[in-house]
Amino acid sequence: MIKIVHVSDTHVVAEPHRLYGLDPRERLSRTIADIRANHEDADLCVVTGDLAHWGEAEAYDAFAERWAAAGLPAVFLIGNHDDREVFQASVPGAMVDEDGFVQGARRIGDLTCLFLDTVTPGSHMGSLCERRRARLTRILAETSGDVAIFLHHPPLAVGVAPMDAIALVDADGLAAVLEPHRARIRHLFFGHLHRPISGTWRGWPFSGTRGVNHQLALDGHLRVDGRPASDDIVGSREPPGYAVALIDDRSTVVHFVDVLDDDARFSLVAEETVGRGYALDMGAE
Ligand SMILES: [Fe+2]
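What counts as what
Per chain, residues are indexed from 1 in the order of the written sequence. Given that this is a predicted model, residues contribute local features only at a pLDDT of at least 70 and side-chain atom pairs are listed and counted only at 80 or more, while totals for whole chains, interfaces and linings are drawn from all residues. As a rule here, side-chain values come from all non-hydrogen atoms in the structure, and water together with hydrogens is ignored. Each residue is placed in one exposure class: buried if its accessible area under a 1.4 Å probe, protein chains only, is under 20% of its type's maximum, exposed if it is over 50%, and partly exposed if it falls in between. A run of H or I in DSSP counts as a helix once it spans at least four residues, and a run of E counts as a strand once it spans at least two, with each numbered from the N terminus. Any two strands between which DSSP finds at least two bridges are classified as paired. Note on definitions: a residue-residue contact is assigned when non-hydrogen atoms from the two residues lie within 4.5 Å. Think of a nonpolar core as a cluster: buried Ala, Val, Leu, Ile, Met, Phe, Trp, Tyr and Cys residues, connected wherever their side-chain atoms sit within 4.5 Å. Shown as donors are all N, O and S atoms within 2.8 Å of a metal ion, widened to 3.2 Å for Na, K and Ca; because water is not in the atom set, sites may appear incomplete. Here an axis means a line fitted to C-alpha atoms, over the contact stretch when the element is a helix, while the angle between two N-to-C directions is reported on a 0 to 180 degree scale. Salt bridges, as used here, are contacts in which a Lys or Arg side-chain nitrogen is within 4 Å of a carboxyl oxygen on Asp or Glu. For this analysis, a polar contact is any N or O atom pair within 3.5 Å, provided that within protein one partner can donate a hydrogen and the other can accept it, and provided that sequence-adjacent residues contribute only side-chain to side-chain pairs.

Remarks on the pairing of strand E7 (residues 185–190)
Counting buried positions along E7 yields six of six residues, so the element is predominantly enclosed. Examined bridge by bridge, E7 and strand E9 (residues 204–208) share three bridges and lie parallel to one another. From the neighbouring strand, phenylalanine 190 faces E9, where its bridge partner is glycine 208.

Focus on helix H6 (residues 171–178)
Side chains of residues three or four places apart in an α-helix project in the same direction, reflecting 3.6 residues per turn. With six of eight residues buried, H6 is to be regarded as a mostly interior element. Along H6, the residues classified as buried are Ala171, Gly173, Leu174, Ala175, Val177 and Leu178. Tucked into the core, H6 has its buried residues touching helix H4 (130–142), strand E6 (147–151), E7, strand E8 (197–201) and E9.

Structural notes on the nonpolar core
Within the largest apolar cluster, 47 residues are counted, with the highest numbers of intra-cluster contacts made by Ile4, Trp67, Phe87, Phe115 and Phe150. Listed by contribution, the elements that provide at least two residues to this core are strand E1 (2–7), helix H1 (24–39), strand E2 (44–48), helix H2 (57–70), strand E3 (74–77), strand E5 (111–115), E6 and strand E12 (241–247). Per-element accounting of this core gives the leading share, seven residues, to H2. Excluding anything up to four places from it in sequence, isoleucine 4 contacts Leu44, Val46, Ile108, Leu111, Cys113, Phe150, Ala243, Val244, Ala245 and Ile247. Of all hydrophobic cores here, the second largest spans 27 residues; its members include Val147, Met163, Leu178 and Trp204.

Focus: the coordination of the iron ion
Here the iron ion is held by the protein donor atoms Asp9 (OD), His11 (NE2), Asp50 (OD) and His194 (NE2), which lie 2.0 to 2.2 Å from it. Donor residues binding the iron ion come from one chain and are separated in sequence as D-x1-H-x38-D-x143-H. Of this pair, aspartate 9 sits in the loop between E1 and H1 while aspartate 50 is found in the loop between E2 and H2, placing the two residues 41 residues apart along the sequence. Here aspartate 9 matches aspartate 50 in class, with each residue buried.

Considerations on the environment of glutamate 26
Mapped onto the fold, glutamate 26 is located in helix H1. Its relative accessible area of 37% is what places glutamate 26 among the partly exposed residues. Note: C-alpha distance between glutamate 26 and alanine 175 (149 residues apart in sequence) is 38 Å.

Some thoughts on the sheet that holds E7
The mixed open sheet is built from six strands, whose spatial order is E4-E5-E6-E7-E9-E8. The strands lining the two open edges of the sheet, one partner per strand, are strand E4 (104–108) and E8. On average, each strand axis in the sheet is tilted by 20° relative to the strand beside it, whichever way the strands run. Strand direction decides the pairing type here: E4 and E5, joined by five bridges, are antiparallel. By the bridge assignment, arginine 106 is partnered in E5 with cysteine 113. H4 contacts E4, E5, E6 and E7 of the sheet and is inclined by roughly 170° relative to E5. H6 contacts E6, E7, E8 and E9 of the sheet and is inclined by roughly 65° relative to E8.

Describing the pattern of salt bridges
Pairs may arise between side chains of opposite charge once their charged atoms sit close together. Applying the stated criterion across every chain yields a total of 17 salt bridges. One salt bridge connects aspartate 23 with arginine 25, and the closest N-O pair in it is separated by 3.6 Å. Between glutamate 238 and arginine 210 there is a salt bridge, and its shortest N-O distance comes to 3.2 Å. Residue glutamate 238 is located in the loop between strand E11 (235–236) and E12, and its partner arginine 210 is located in the loop between E9 and strand E10 (215–216); the two are separated by 28 residues in the primary sequence. Overall, the relative accessible area of 12% leaves arginine 210 in the buried class. Residues participating in the shared-partner salt-bridge network are Asp97, Glu98, Arg135 and Arg138.

Topic: the environment of histidine 214
Among the structural elements, histidine 214 can be located in the loop between E9 and E10. Measuring from C-alpha to C-alpha, the distance between histidine 214 and tyrosine 20 comes to 7.6 Å, with 194 residues separating the pair along the chain. Setting aside chain neighbours within four positions, we find histidine 214 in contact with His11, Leu19, Tyr20, Leu22, His194 and Ser236. A polar contact of 3.1 Å, which involves the side chain of histidine 214, links it to the side chain of asparagine 213.

Description of the sheet that holds E1
One open sheet accounts for five strands, arranged E3-E2-E1-E12-E13; its pairing is mixed. At either margin of the open sheet sits one strand with a lone partner, and together these are E3 and strand E13 (252–258). Across this sheet, the average inter-strand angle for adjacent strands is 20°, counted without regard to direction. Of the pairings in the sheet, the one linking E1 to E12 comprises five bridges and is antiparallel in character. Opposite histidine 6, over in E12, you have alanine 243 as the bridge partner.

Given below as structure tokens:
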């Protein structure tokens, strides 16, 4: 069984700044602490981009310090808020391929994890140019077995018009590269949306997870009745979260975890037994 922790959209800003009234550094620290407490057995943590909100070196320093202190195996992708060059210069171990993109691959057991750079400098829209697609084609040809793909931008419209306008524009190109390997593609993990979301794209399962700082509210969106959806990108301060994927040769299970939930834990079994006077054990008299 392989365990991958999926974190996204940390949007770290440098001291002493806050973002939308929130402290992304503190939220990242709490998120990492939660991962360490519960998933220190993870094979890998992947952060799918928008690591820093304004892309400045001090923000990447704050981001990298927290992950280094955690001692968790981690891979960082970039998103539309990131600056590729500043990220690569600031974060120790930052991925860089021969063309300068933040791309790479890592093998975990029989699973090949592929990390894509979908950033378009100067635009919030995602892209995967011919060079990036060529590299992906090459890696797929050189590897065998199951593949999990990580990228920042969703390659599909999700019903939130202003986000759909800045999704991956080269979705057809990505699909064309993946199609010859259809049976090998186990899952796509992406960020950008700041929401827990799952479904299929052209038959391949996908999931996305919350942001670590702010979230995307669905108010005014997901309309199918012809009424125009909102043009606004509506934010919310819902708790941050991350996802945990459990992958074996038969199944892929993705759990969504909310951080900052300080409710006292209790035993469902003990409370039920005390309250109703019967045991949960179906075999009990
Ligand atoms: Fe983001």
